[in-house]
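# Fold and geometry: a report
Here are the chains, one letter per residue:
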Amino acid sequence: MPRIAYLGPQGTFTEQATRALTADFAAELIAHDTVHSALDAVRLGDVEAAGVPMENSVEGAVAATLDGLVGGAPLVAVAELVLPIRFDVLLRPEVDPLHATSVASHPHALAQVRGWLSERLPRALDVPTASTATAAAEVANGTADAAVVAPVATRYHPELTRLASEVADVDDAVTRFLLVRRPGLLPDPTGADRTSIAVVAHDEVGALGEVLSELSLRGINLSRIESRPTKDRLGAYRFFLDFDGHVADTRIGDALTGLHRRCFEVRFLGSFPKADSKPVNVRAADSEQAFRRSMSWLDEVRAGRIA
Ligand SMILES: O=C(O)C(=O)C[C@]1(C(=O)O)C=C[C@@H](O)C=C1
């Protein structure tokens, strides 16, 4: 049975997402305390794949995942899942919420309930943890007074008081998760795919503009751009780009070869079906047929048959 790592311990949103991402095959889920350790387990071959959080609609990218994806041997995403995010707040039973002095959670979780915390736990200072389930454990062992957790975590801690459920400053908050594995066979194109890459552009005028032009010229819709330091020196950044389409699509392949010529580094991070399954809109001029026709026209020109 394939072993699949996830950001744990038991009771995280990532566990829930990883279960859903692996629902169509029997898998043994292995909890890891950090995203870094889950990704390393994939690189070392201890597990087949890992479920990791990627981005939240309120708080943005999960930096540990971006850094982890490029900080070592190549990894590629093969599936994504979007989960609605609403929290439970757990409290040590003997603590009065108005006097709670600490509230533990993943920084992304704390950021999503900032308003609620200032009203209901006004004296509590943030205790950032590696995951929401770790925060629940910190309340259970008395290290923190309160925790912002995934509702699934509540059932692991019947000894704690559930102060509130369905907590969210922004009603429709969602987080996108990825299933990541070592490079191998890619998921087949579906017509509703996303491709993810990371590039380091040369340090010269217009370099980022040229990167984006490689996509826009071919009618490729960019859905996310994020930068993270390369960590080599101040001012050196790696750009993470997500766009609609599959690496098997000619316009995507064409753009990638352009980026490869233009950039200092290009890392392919996967092509996989989009969670929303919405078909990608392709302009007539960028369709497979248009590429085929233009290539055969060029072949004819080069062969001296037409001019
Ligand atoms: O701590 C968890 O439960 C996680 O799965 C991580 C995570 C995140 O990284 O954003 C996932 C979803 C929520 O947005 C809060 C935390």
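Everything numeric in this text was worked out from a predicted model, so none of it was measured.

### Some remarks on unusual backbone geometry
Across the junction of Gly8 and Pro9, the peptide omega takes the value 0°, indicating a cis bond. Among the structural elements, Pro9 can be located in the loop between β1 (3-7) and α1 (13-21). Residues other than glycine seldom take positive phi values, yet Glu166 does so here, at roughly 60°. Along the polypeptide, Glu166 turns up in strand β10 (residues 161-167). By relative accessible area, which is 54% here, Glu166 ends up exposed. One non-glycine residue, Ser277, lies in the positive phi region at around 55°. Within the secondary structure, Ser277 sits in the loop between β15 (265-273) and α10 (288-302).

### Points about helix α3 (residues 63-70)
With 6 of 8 residues buried, α3 is to be regarded as a mostly interior element. If you check which residues of α3 are buried, you get Thr65, Leu66, Asp67, Gly68, Leu69 and Val70. One or two residues past the end of α3 sits Gly72, with phi positive at roughly 150°.

### Some remarks on the domain arrangement of the protein
For the protein, the domain assignment lists domain 1 (1-83 + 174-184), domain 2 (87-167) and domain 3 (186-307). Taken over C-alpha atoms, the centre of domain 1 sits 24 Å from the centre of domain 2. Across the contact, 17 residues belong to domain 1 and 14 residues belong to domain 2. Surface buried jointly by domain 1 and domain 2 totals about 1200 Å² across both partners, of which 68% is contributed by carbon and sulfur atoms. Of all residues in domain 1, Gly11, Phe13 and Glu59 bury the most surface against domain 2, accounting for 39% of the area lost on that side. Our count for the domain 1 to domain 2 interface comes out at 0 salt bridges.

### A short note on the site of the ligand
Taken together, 15 residues are adjacent to the ligand, and Phe13, Thr14, Gln112, Thr132 and Thr175 come closest. A distance of 2.9 Å is found between an oxygen atom of the ligand and a backbone nitrogen or oxygen belonging to Phe13. Between the ligand and Gln112 there is a distance of 2.9 Å, counted from an oxygen atom to a side-chain nitrogen or oxygen. Within the complex, 100% of the 360 Å² of free accessible area of the ligand lies under protein. The site holding the ligand turns out to be the largest cavity.

### Overview of helix α8 (residues 207-216)
Every buried residue of α8 is listed here: Ala207, Val211, Glu214 and Leu215. Angular distribution of buried residues about the axis of α8 spans 100°; they occupy a single face of the element.

### A closer look at the sheet that holds strand β7 (residues 102-105)
Pairing within the open sheet is mixed, and its 5 strands lie in the order β8-β7-β9-β6-β10. Since the sheet does not close on itself, it has two edges, and those belong to β8 (125-128) and β10, each with one partner. The mean inter-strand angle of the sheet, taken between neighbouring strand axes irrespective of direction, is 25°. Where β7 meets strand β9 (residues 146-149), 2 bridges bridge the pair, whose relative direction is parallel. What sits directly across from Val103, in β9, is Ala146. Packed onto the sheet, helix α6 (residues 132-140) meets β6 (87-91), β7, β8 and β9 and runs at close to 155° relative to β9.

### Here we look at the layout of surface pockets
Looking at the largest pocket, its volume works out to about 340 Å³. Around the largest pocket, the lining is made up of 17 residues, and of these Val200, Ala201, Arg233, Ala236 and Tyr237 lie nearest the centre. Those elements giving two or more residues to the lining of the largest pocket turn out to be α8 and β14 (237-244). A per-element tally of the lining of the largest pocket places β14 first, with 3 residues. Grouping the amino acids of the lining of the largest pocket by side-chain chemistry returns 8 nonpolar, 3 polar and 6 charged. Forming the walls of the second largest pocket are Ala20, Leu21, Ala23, Asp24, Phe25, Val78, Ala79, Glu80, Leu81, Leu179, Arg181 and Pro273. Elements that contribute at least two residues to the lining of the second largest pocket include exactly α1, β5 (76-84) and β11 (174-181). Here the residues of the lining of the second largest pocket sort into 9 nonpolar, no polar and 3 charged.

How each quantity is defined
Residues numbered from 1 in each chain as written. Predicted model: local features only at pLDDT ≥ 70, side-chain atom pairs only at ≥ 80, totals over all residues. Heavy atoms only, no water. Helix = DSSP H or I, 4+ residues; strand = E, 2+ residues; numbered from the N terminus. Buried < 20%, exposed > 50% of the residue type's maximum accessible area, 1.4 Å probe, protein only. Domains from an automatic or database assignment. Contact = heavy atoms within 4.5 Å. Buried area = accessible area lost by both parts, 1.4 Å probe. Salt bridge = Lys/Arg side-chain N within 4 Å of Asp/Glu carboxyl O. Near = heavy atom within 4 Å. Polar contact = N/O pair within 3.5 Å; in protein donor to acceptor, adjacent residues only side chain to side chain. Areas by Shrake-Rupley, 256 points an atom, 1.4 Å probe, with all protein chains shown as cover. 1 Å grid on protein atoms, 1.4 Å probe; cavity = no way out; pocket = protein on both sides within 12 Å on 5 of 7 lines; lining within 4 Å. Sits in = over half its atoms within 2 Å of the grid points. Arc of directions from axis to C-beta. Pairing = 2+ DSSP bridges. Axes fitted to C-alpha atoms, helices over the stretch in contact; angles between N-to-C directions. Points joined across faces, edges and corners; volume = space filled by probe spheres on them. Nonpolar A, V, L, I, M, F, W, Y, C, P; charged D, E, K, R; others polar.

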